[in-house]
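Residue-level structural notes
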Amino acid sequence: MEEGVSGYDFLYTDVWVSMGEPDEVWKERIAMLEPYRVTGRVMDMTGKSECRFLHCLPAFHNRKTAIGEHTCQKFGIDCMEENDEVFESPRNAAFLEAENRLHTIKAVMVATLAEESIEDALARNSFSDRGQQVLGVMEQSLPCAFHAPATSAKRHEGQDSDLGSASAMS
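The model shown is predicted, which means the values in this text are computed figures rather than measured ones.

Okay, the packing of aromatic side chains next. Tallied over the full model, the rule gives three aromatic pairs. Ring centres 5.6 Å apart and planes at 5° place the aromatic pair Trp26 and Phe75 in the stacked group. Of the two residues, Trp26 is situated in helix α2 (residues 23–33) and Phe75 in helix α4 (residues 66–75); the sequence distance between them amounts to 49 residues. With respect to class, Trp26 is no different from Phe75; both count as buried. Ring centres of Phe87 and Phe95 lie 5.6 Å apart, and the angle between their planes is 70°; on these two criteria the pair is classed as edge-to-face.

Structure (structure tokens):
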């Protein structure tokens, strides 16, 4: 494990099992992935005190929720992908990650569902301050997405889809 995480700035994990999966899948995944749980010791193995933890959420890191307690009772574990030591620490950046994902999703929705191009909306100042900040960051990161010919996903008469043409999604 140490060789695998040494020198990294971020350790990222995902949920081991999706909700609704049968018990057999939970048992198999827990047995297979438990050795790879992110703990304080694993974070320290990176050799970087500034290493941050990322997770897509939800995270089963303790028994304080109904699902956490149920998982403990059913499968005999106190946590899954990470333990409470990591999740409740200042090294956890999962909530910042979730906030970034929220703003990115909103920006993608604006870009694909807007009746006008992002440039026109920005010129009219029709976004909130936070929206302008997010779009500004996205424009710096992905200039080609903001300067390509606009393909908005307008509703067209007689069209069944609310998303418009498939080219708006490409």
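This part takes up the nonpolar core. Counting residues in each nonpolar core, the largest one holds 11 residues, listed as Val5, Leu11, Val38, Val42, Met43, Met45, Cys51, Phe53, Ala59, Val86 and Phe87. Elements with a minimum of two residues in this core: α3 (40–45) and α5 (84–87). Non-local contacts of Val42, meaning those with residues more than four positions away in its chain, are made with Met1, Val5, Leu11 and Arg37. Judged by nonpolar contacts, the second largest core, of eight residues, contains Trp16, Trp26, Phe75 and Met80.

We now examine the pairing of strand β1 (residues 10–13). Residue alternation in β1 divides its side chains into a buried set, Leu11 and Thr13, and an unburied set, Phe10 and Tyr12. Inspection of the sheet shows β1 paired to strand β2 (residues 52–55) by four bridges, in the parallel sense. Looking at the pairing, Phe10 lines up with Arg52 of β2.

Turning next to the side chain of Thr46. Relative to the helices and strands, Thr46 is located in the loop between α3 and β2. Engagement of the side chain of Thr46 in a polar contact is seen with the backbone oxygen of Met43, the distance being 2.7 Å. In terms of polar contacts, Thr46 uses its side chain to reach the backbone amide nitrogen of Lys48, at 3.2 Å. Not counting chain neighbours up to four residues away, the residues in contact with Thr46 comprise Val5, Ser6, Gly7, Tyr8, Leu11, Cys51 and Arg91.

Moving on: a nonpolar patch on the surface. A contiguous nonpolar surface patch, about 270 Å² in accessible area, is contributed by Ile105, Met109 and Leu113. Along the chain, Leu113 falls in helix α6 (residues 94–113).

Next up on the list: the environment of Asn62. Position of Asn62 relative to the elements: it lies in the loop between β2 and α4. C-alpha separation for the pair Asn62 and Cys72, spaced 10 residues apart in sequence, amounts to 8.7 Å. Beyond its immediate stretch of four places on either side in the chain, Asn62 contacts Gly68, Asp78, Cys79 and Asp84. A distance of 3.2 Å separates polar atoms of two side chains, one belonging to Asn62 and the other to His61.

Chain-level pLDDT for the protein chain is 80 on average; 69% of the residues reach the 70-or-more range. Taken element by element, the predicted model of the protein chain shows its lowest mean pLDDT in helix α9 (residues 143–147) (48) and its highest in α3 (98). This model gives residues 144–170 a pLDDT under 50, and the stretch forms 33 contacts once residues within four places in sequence are excluded.

This part covers the side chain of Ser89. Note that Ser89 resides in the loop between α5 and α6. A polar contact is formed between the side chain of Ser89 and the backbone oxygen of Val86, at a distance of 2.8 Å.

Conventions we followed
Residues numbered from 1 in each chain as written. Predicted model: local features only at pLDDT ≥ 70, side-chain atom pairs only at ≥ 80, totals over all residues. Heavy atoms only, no water. Phe/Tyr/Trp six-rings, centres within 6.5 Å; stacked < 30°, edge-to-face > 60°. Helix = DSSP H or I, 4+ residues; strand = E, 2+ residues; numbered from the N terminus. Buried < 20%, exposed > 50% of the residue type's maximum accessible area, 1.4 Å probe, protein only. Core = buried A, V, L, I, M, F, W, Y, C linked by side-chain atoms within 4.5 Å. Contact = heavy atoms within 4.5 Å. Pairing = 2+ DSSP bridges. Polar contact = N/O pair within 3.5 Å; in protein donor to acceptor, adjacent residues only side chain to side chain. Patch = residues over 30% accessible without salt bridge, like charges linked within 9 Å, V, L, I, M, F, W, Y side chains within 5 Å. Areas by Shrake-Rupley, 256 points an atom, 1.4 Å probe, with all protein chains shown as cover. Salt bridge = Lys/Arg side-chain N within 4 Å of Asp/Glu carboxyl O. pLDDT = per-residue confidence, 0-100.

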